[in-house]
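# Observations on the model geometry
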Amino acid sequence: MNAAVANDALAPYGAAFEAVRATVGETAAAREQAFARFAELGFPAPRDEAWKYTSLRRLEARRFAFAGAGGAGPVDTPAVDALSSHRVTVVNGRVTDAALVRSAPLDGIRVRTLSQALEEGEPQGALLRVPTGGGTERFAALNAALSNDAVVIDVAASASVAEPLHVVIAAAGAEPTMIHPRLLIRAGAGSSARIVLHHVGTDSAEHFVNSYVDVEAAADAQLHLYRLQSQGARAFLIERIDATVGQRAAIVVHDAQLGASLSRLDLNARLAAPGAAAELTGLFLADDSRHLDAHVRVDHLAAGTRSLVDYRGIAAGRGRGVFNGKAVVHVDAQQSQARQTSRNLLLTPGAEIDTKPELEIYADDVQCSHGATTGQLDPAALFYLRSRGLDERQARSALTRAFAGAVLSRMDLASYSGAVHSILDARLERLLETTA
Amino acid sequence: MLSIRNLHARIGNRTILKGIDLEVRPGEVHAIMGPNGSGKSTLASVLAGRAGYEVTQGTVEYLGQDLLAMEPEERARAGVFLAFQYPVEIPGVNNAYLLKAALNAVRKQRGEPELDAFEFLALVRDKMKLMQMDESFLNRGVNEGFSGGEKKRNEILQMAVLEPKLALLDETDSGLDIDALRVVANGVNSLRGPERAIVMVTHYQRLLDYIEPDVVHVLSDGRILKSGDKSLALELEKRGYDWVRQEARVA
Ligand SMILES: Nc1ncnc2c1ncn2[C@@H]1O[C@H](COP(=O)(O)OP(=O)(O)OP(=O)(O)O)[C@@H](O)[C@H]1O
Ligand SMILES: [Mg+2]
């Protein structure tokens, strides 16, 4: 019986795969394997630890059109503010500004589609990698099977690119559609670059965006990723980012989760060589009945590696936040540092945030710390501000902004932090109107 | 200006204020002294509108209004200012932001236009000079990492900027060094005027050398046991509070 139910839920994905199989040429075998892995894992079982606080039953029950081989026909591209003049737009999994892709959009950064990369002889194994392990392995496999125009972004070795590249991943159209965007970002040795990863969509349709981002930072590279998740209010979004960080290289991720109805991010950093570093900070706003789940994991695999994870969550209304932070310091990672904090703010009584910091240490000479707090606005601070003439709404707003500010102030890209601020401000305004 | 009549207040089921009567007229400076735990800060909190206190009896009238019916921010906008005994640290809320928001809220109430950034800065610089505070304090979080004395100075800076009609100072002198005490007293004195009143809670007669009170009250166990002129403070300094309590028991 269970198997029948599972098959039932997987059937539409199988049909989608049948539709792409004929069009994927030389990658068919790899995709076949990936799809088999997805079919084997299926949707998470009710007691799956990696999905403890996030149920996918609603997603599982939905049926989505597939923006696959044939394309989705004409779609309205959601309006996007320019966060940079250098932009790549992926609408329903397809790169729309092909001209931009062919030329080098920025000095030192090369952008290609999967098929261009294959034509140029790149091995498909690297382009369609399926990671193993973690709660989102199934979805990464599904993505490898069904993604069409993967975007391959290469930062040339030693290039130092000050201007950010703005990658827009859009879900469009009136019909609920499943979309499998895929990004491969490779930062060459000694390079430095900034990439904005921007999810947008329509509020009217229940799209399912299943995104996979594969990141490699070679030795001495500095890669800054600015993630702005403002997917449409009814959307399902699952994204997995796997970053492998090389010797003395650093990856810095800024994450703002402000959209979608149900979203899950798995952000994994593997500090694979001595001196590698990761700084992963984020903010999520789970208002209305939004469900936002972030799983952040850092693996320290080599000596002298450093990680800092600092996530802040705000929940209100019937909103629900989940934060799971895990640092694993492996046996070879002597003299490493792993710091992790998770702070959470509940603005209204019905809201909920579940947080679980985990630390696994197999090396003895390391410095690790982790802490998690969840609370409400400090009544003493609220009273102090009101006693100075600020009304309750102003006071709550000031304290909420202050809470978010600790993460916002690290956002060192003006166009990005400006966009985050304005979305956040508008939402907090509305929130405080209804809750004060 | 302020009439407190038979004020009783409790926290949970513990009664702290047990019948306070106090009359403060414009232009006056009152000092309230009394042992630890006698209810001085509780009185100040009730007047400022802090939640958690239940007034079980009595009334408080401020400029003809029922003060207890007003929200804390309404009280502030109507000219009531409490300098806290323990000012709260609010990391992430900028000191300048708070000063500006507070000033504009008060000005709006008074029917005055909001100040623009330049006018505001000019005003605040002026007041900071008076308080001998470095301008770098403006860009820090409210009281964040301030020393005990700096926090007290910051309270008086806020008061100097907001120019309240009724200032309640709760142990503003505690924790100040000798020079800072003079600076803070200066700040308070600059606010004295025929339309304003000041009620200050203190443990030390020393403050009263700088800010001369018209009336000194002794608050003990939730009641005002004795009131007098500033010589009462000198006497308390010499003899402590026991004799006042005994006198009250006999009476
Ligand atoms: N939340 C509370 N719950 C129970 N008792 C409280 C609470 N807050 C204050 N009290 C008590 O009320 C009494 C009066 O406190 P208050 O702070 O008003 O004293 P005070 O006169 O200002 O003392 P001090 O000179 O030490 O500042 C004290 O005994 C105190 O313990
Ligand atoms: Mg006190």
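What you see is a predicted model; the values in this text were computed from it and never measured.

Residue and element names in this part refer to chain A. Tallying each qualifying case throughout the model produces 15 aromatic pairs over all chains. Ring centres of Tyr13 and Phe38 lie 5.6 Å apart, and the angle between their planes is 65°; on these two criteria the pair is classed as edge-to-face. In this pair, Tyr13 sits in helix 1 (residues 2-21) while Phe38 sits in helix 2 (residues 28-41), placing the two residues 25 residues apart along the sequence. For the pair Tyr13 and Phe38, a shared accessibility class is recorded, and that class is buried. Over the aromatic face of Trp51 sits the side chain of Arg264, whose NZ or CZ is 4.0 Å from the ring centroid.

A separate point is the site of ligand 1. Residues and elements named next belong to chain B. The environment of ligand 1 is formed by 14 residues, the closest being Gly37, Lys40, Ser41, Thr42 and His203. The side chain of Thr42 places a nitrogen or oxygen atom 2.5 Å from an oxygen atom of ligand 1. About the coverage of ligand 1: the protein hides 65% of its 650 Å² of free accessible area. Put simply, the parts of the chain that give the shell around ligand 1 at least two residues each are strand 2 (14-24) and helix 1 (40-48).

With that out of the way, let us pick up the pattern of salt bridges. Counting across every chain of the model gives 52 salt bridges over all chains. Where Glu235 of chain B meets Arg239 of chain B, a salt bridge forms, and the shortest distance between an N and an O atom there is 2.7 Å. Highlighted residues: Glu235 of chain B and Arg239 of chain B, both in helix 8 (residues 230-239), separated by four residues, approximately one helical turn. Residue Arg239 of chain B is classed as partly exposed on the basis of its relative accessible area of 48%. By sharing partners, the salt bridges in this structure join Arg110, Arg112, Glu120, Glu122, Asp154 and Arg186 of chain A into a single network.

The next thing to look at is the coordination of the magnesium ion (ligand 2). Residue and element names in this part refer to chain B. Donor atoms from the polypeptide that bind the magnesium ion (ligand 2) are Ser41 (OG) and Gln85 (OE1), placed at 2.0 to 2.1 Å. Linking Ser41 in helix 1 with Gln85 in the loop between strand 6 (80-83) and strand 7 (90-94), this pair joins segments that are 44 residues apart in sequence. The exposure class assigned to Ser41 is partly exposed, which follows from its relative accessible area of 26%. By relative accessible area, which is 15% here, Gln85 ends up buried.

All right, on to the environment of Ala233 of chain B then. Residue and element names in this part refer to chain B. Among the secondary structure elements, Ala233 is positioned in helix 8. Taking the relative accessible area as the measure of exposure, Ala233 reaches 0% and is therefore buried. Distance in space between the C-alpha atoms of Ala233 and Ile32 is 9.5 Å, their sequence separation being 201 residues.

This part covers the interface of chain A and chain B. Facing 17 residues of chain A, the contacting portion of chain B comprises 28 residues. Where chain A abuts chain B, roughly 1,800 Å² becomes buried across the two surfaces, and 66% of that area is made up of carbon and sulfur atoms. Taken as a group, Phe383, Tyr384 and Arg388 of chain A account for 43% of the area that chain A buries against chain B, more than any other trio of residues on that side. One salt bridge connects Glu73 of chain B with Arg386 of chain A, and the closest N-O pair in it is separated by 2.7 Å. On inspection of chain A and its partner chain B, the count reaches 10 residue pairs in polar contact (both at pLDDT 80 or more). Looking at the side of chain A that touches chain B, the elements with two or more residues in it are helix 8 (379-386) and helix 9 (392-408) of chain A. For the side of chain A that touches chain B, the element with the highest residue contribution is helix 8 of chain A, accounting for six residues. In terms of residue class, the side of chain A that touches chain B is made up of nine nonpolar, three polar and five charged.

Let us look at the sheet that holds strand 4 (residues 54-62) of chain B. All names here are of chain B. Read from one edge of the open sheet, four strands run 2-1-4-5, paired in antiparallel fashion. Whereas interior strands pair on both sides, the edge strands pair on one side only; in this sheet they are strand 2 and strand 5 (65-66). The pairing of strand 1 (residues 2-11) with strand 2 spans eight bridges and is antiparallel. From the neighbouring strand, Ile4 faces strand 2, where its bridge partner is Leu22. Set on the sheet, helix 1 makes contact with strand 1, strand 2 and strand 4; between it and strand 1 the angle comes to about 110°.

Residue and element names in this part refer to chain A. Look at helix 9: 23 Å from first C-alpha to last across 17 residues, which is about the 24 Å you get at 1.5 Å a residue. Maximal helix bending in helix 9 amounts to about 25°, located at Ala402. Restricting attention to buried positions, one finds in helix 9 the residues Ala395, Arg396, Ser397, Ala398, Leu399, Thr400, Ala402, Phe403, Ala404, Val407 and Leu408.

The subject of this paragraph is the sheet that holds strand 11 (residues 215-220) of chain B. Residue and element names in this part refer to chain B. The strand order across the open sheet formed by six strands is 6-9-10-3-11-12, and the pairing between neighbours is mixed. Only two strands of the sheet have a single partner each, and these edge strands are strand 6 and strand 12 (223-228). With strand direction ignored, the average angle separating the axes of adjacent strands in the sheet is 20°. Both strand 3 (residues 29-33) and strand 11 contribute to a ladder of four bridges, which runs parallel. Counterpart to Ala31 in the pairing with strand 11 is Val216. Each of strand 6 and strand 9 (166-170) is contacted by helix 5 (residues 148-162), which is oriented at about 165° to strand 6, the strand it contacts most. Sitting on the sheet, helix 8 touches strand 3, strand 11 and strand 12, and the angle it makes with strand 11 is about 45°.

All right, on to the side chain of Ser263 of chain A then. Residues and elements named next belong to chain A. Looking at the secondary structure, you find Ser263 in strand 14 (residues 262-271). Taking relative accessible area as the criterion, Ser263 reaches 1% and is therefore assigned buried. The residues touching Ser263, leaving out its near neighbours within four places in the chain, are Gln229, Leu237, Gln257, His291, Leu292 and Asp293.

Caution applies to low-pLDDT parts of the model: their predicted coordinates are not meant to be read in detail. Here chain B averages 94 in pLDDT, and 100% of its residues register 70 or above. As a predicted assembly, this complex carries a pTM of 0.89 together with an ipTM value of 0.96.

Rules of the game
- Residues numbered from 1 in each chain as written.
- Chains lettered and ligands numbered in written order.
- Predicted model: local features only at pLDDT ≥ 70, side-chain atom pairs only at ≥ 80, totals over all residues.
- Heavy atoms only, no water.
- Phe/Tyr/Trp six-rings, centres within 6.5 Å; stacked < 30°, edge-to-face > 60°.
- Helix = DSSP H or I, 4+ residues; strand = E, 2+ residues; numbered from the N terminus.
- Buried < 20%, exposed > 50% of the residue type's maximum accessible area, 1.4 Å probe, protein only.
- Lys NZ or Arg CZ within 6 Å of the ring centre and 35° of its normal.
- Near = heavy atom within 4 Å.
- Polar contact = N/O pair within 3.5 Å; in protein donor to acceptor, adjacent residues only side chain to side chain.
- Areas by Shrake-Rupley, 256 points an atom, 1.4 Å probe, with all protein chains shown as cover.
- Salt bridge = Lys/Arg side-chain N within 4 Å of Asp/Glu carboxyl O.
- Donors = N, O, S within 2.8 Å, 3.2 Å for Na, K, Ca; no water.
- Contact = heavy atoms within 4.5 Å.
- Buried area = accessible area lost by both parts, 1.4 Å probe.
- Nonpolar A, V, L, I, M, F, W, Y, C, P; charged D, E, K, R; others polar.
- Pairing = 2+ DSSP bridges.
- Axes fitted to C-alpha atoms, helices over the stretch in contact; angles between N-to-C directions.
- Expected span 1.5 Å × (residues − 1).
- Bend = angle between axes of the 7 residues up to and from the residue.
- pLDDT = per-residue confidence, 0-100.

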